[in-house]
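Structural features, examined
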Amino acid sequence: MIDLRSDTVTQPTPEMRQAIADAPVGDDVYHDDPSVLALEEMVSELLGKEDAIYMPTGTMSNQVAIRAHTESGDVVLAAASAHVNTNELGAANALAGVTIRELDSTRGTFTAEEVRRAVPEPPAGMPGALFQPVTLLAAENTHNGAGGAIWPIEDLHAVAATAGELGLATHLDGARLWNASAATGIAESEYAHDFDTVSVCFSKGLGAPVGSALVGDRAVIDRARRFKQMYGGGFRQAGMMAAGAAYAITNHRQRLTEDHDNAKRVAAGIADAAGLDVDLETIVTNMVYFRVTEKSAAEFATTCRASGVNLLPTGSNTIRIVFHLGVTVPDATKALEIITAAAAD
Ligand SMILES: *Cc1c(COP(=O)(O)O)cnc(C)c1O
């Protein structure tokens, strides 16, 4: 089965399994696991921040960041389609007690003007106490819901600068920041530069089995450590998993462009196929969202699955496919054949 549902389905390679088997470990709650400490140092350096925390999941990284930056009753600004808004089960609301104010966005990106509009000045005469404080801005790069879209770096700088002027803290959900950097050549630290905290994932395209990290300056990361523990994220001999993440950063980051090439090539084939429709301009990293015009996405997915391709229906006529470590160039070619045949079926 060629599994294109997500880049989270990767299997650890034999070399990664060896690195995991060989990892020295301690106790993450005592913060003396040498493999965790080594990973945290590696990630904080790559992202250009003072400190990092290894986390079990990207969701926990984002939610701990939101909790660390806000007080219950605050407003957090995020794109309506942001993972923190739509894919984290209402955690910001349930756990941090904040309201998410949805920004209008174009493929997950919004403007500094949009940020300004979302933080109105209290009208003269209106008691400031009647205004819910807006304290955090969250952006996402690459943007998952928008098909792996990349923020233009100057737009990211502009919204972060505006958030700063408005007195907001800033968080970047960089679950796939590695893909943005691989595609543009702009360093992860450059994307991270203007944000107080950044989360990154190791278990997506990098192919590690488990984990994420939250980076920022020492004060915010110290505060975040408390909430990691509170949320149940102290994961003891986590060095086993951290070693897989460190291996992935060292060995799999450079190959992400192969996934982007496969995505572009398969998308071009889909654009030419009868019964399928895709906007090629939107394919910039490892994801392809396309439409099935003559049948339902569910029916189409069932046909593909029977022929050996697993893909993800995301709506009544839309399908997502994602390229990753476990999909070779011949796999991508085979997948395209199966997809076009299923559309013609
Ligand atoms: C996958 C993802 C997350 C969450 O990561 P998990 O490890 O699955 O919890 C957060 N943000 C984005 C943009 C993601 O794609």
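Let us look at the structure shown here. (Residues numbered from 1 in each chain as written. Predicted model: local features only at pLDDT ≥ 70, side-chain atom pairs only at ≥ 80, totals over all residues. Heavy atoms only, no water.)

**Things to note about the nonpolar core**
V43, L77 and F202 are the most contacted members of the largest nonpolar core, which totals 61 residues. Broken down by element, this core gets its largest block of residues, six residues, from helix α11 (residues 239-252). Not counting residues within four places of it along the chain, the set of residues in contact with F202 comprises L39, V43, Y54, W178, G207, A208, V210, G211, S212, A213, A245 and I249. I270, F290, L336 and A343 belong to the second largest nonpolar core, which has 30 residues in total. (Core = buried A, V, L, I, M, F, W, Y, C linked by side-chain atoms within 4.5 Å. Buried < 20%, exposed > 50% of the residue type's maximum accessible area, 1.4 Å probe, protein only. Helix = DSSP H or I, 4+ residues; strand = E, 2+ residues; numbered from the N terminus. Contact = heavy atoms within 4.5 Å.)

**What to know about the pattern of salt bridges**
Counting across every chain of the model gives 13 salt bridges. For the salt bridge of D7 with R176, the shortest nitrogen-to-oxygen distance reads 2.7 Å. One end of the pair, D7, is in the loop between β1 (2-3) and α1 (14-21); the other, R176, is in the loop between β6 (169-174) and α8 (177-184), with 169 residues separating them in the sequence. Residue D7 is classed as buried on the basis of its relative accessible area of 0%. Accessibility expressed as a relative area gives 3% for R176, which makes it buried. (Salt bridge = Lys/Arg side-chain N within 4 Å of Asp/Glu carboxyl O.)

**Let's talk about helix α2 (residues 34-47)**
With 14 residues, α2 extends 20 Å between its outermost C-alpha atoms, agreeing within 8% with the 20 Å of an ideal straight helix rising 1.5 Å per residue. Along α2, the positions that sit buried rather than exposed are S35, V36, L39, E40, V43, S44 and L47. Down the axis of α2, the buried set is contained in an arc of 160°. They therefore lie on one face. Exposed and oriented more than 90 degrees from the buried face of α2 are E41 and E45. Its side-chain oxygen 2.9 Å from the backbone nitrogen of S35, D33 forms the N-cap of α2. At the C-terminal side of α2, G48 shows a positive phi close to 70°. (Expected span 1.5 Å × (residues − 1). Arc of directions from axis to C-beta. Polar contact = N/O pair within 3.5 Å; in protein donor to acceptor, adjacent residues only side chain to side chain.)

**Focus: unusual backbone geometry**
Cis rather than trans, the peptide bond between N141 and T142 has omega equal to -5°. In the Ramachandran plot, R107 falls in the positive-phi region, its phi being about 50° despite a non-glycine side chain. As for its placement among the helices and strands, R107 is situated in the loop between β4 (99-103) and α6 (112-117). On the accessibility criterion, R107 (33% relative accessible area) is partly exposed. Even without glycine at this site, R236 takes up a positive phi of about 50°. Take R236: it is sitting in the loop between α10 (218-230) and α11.

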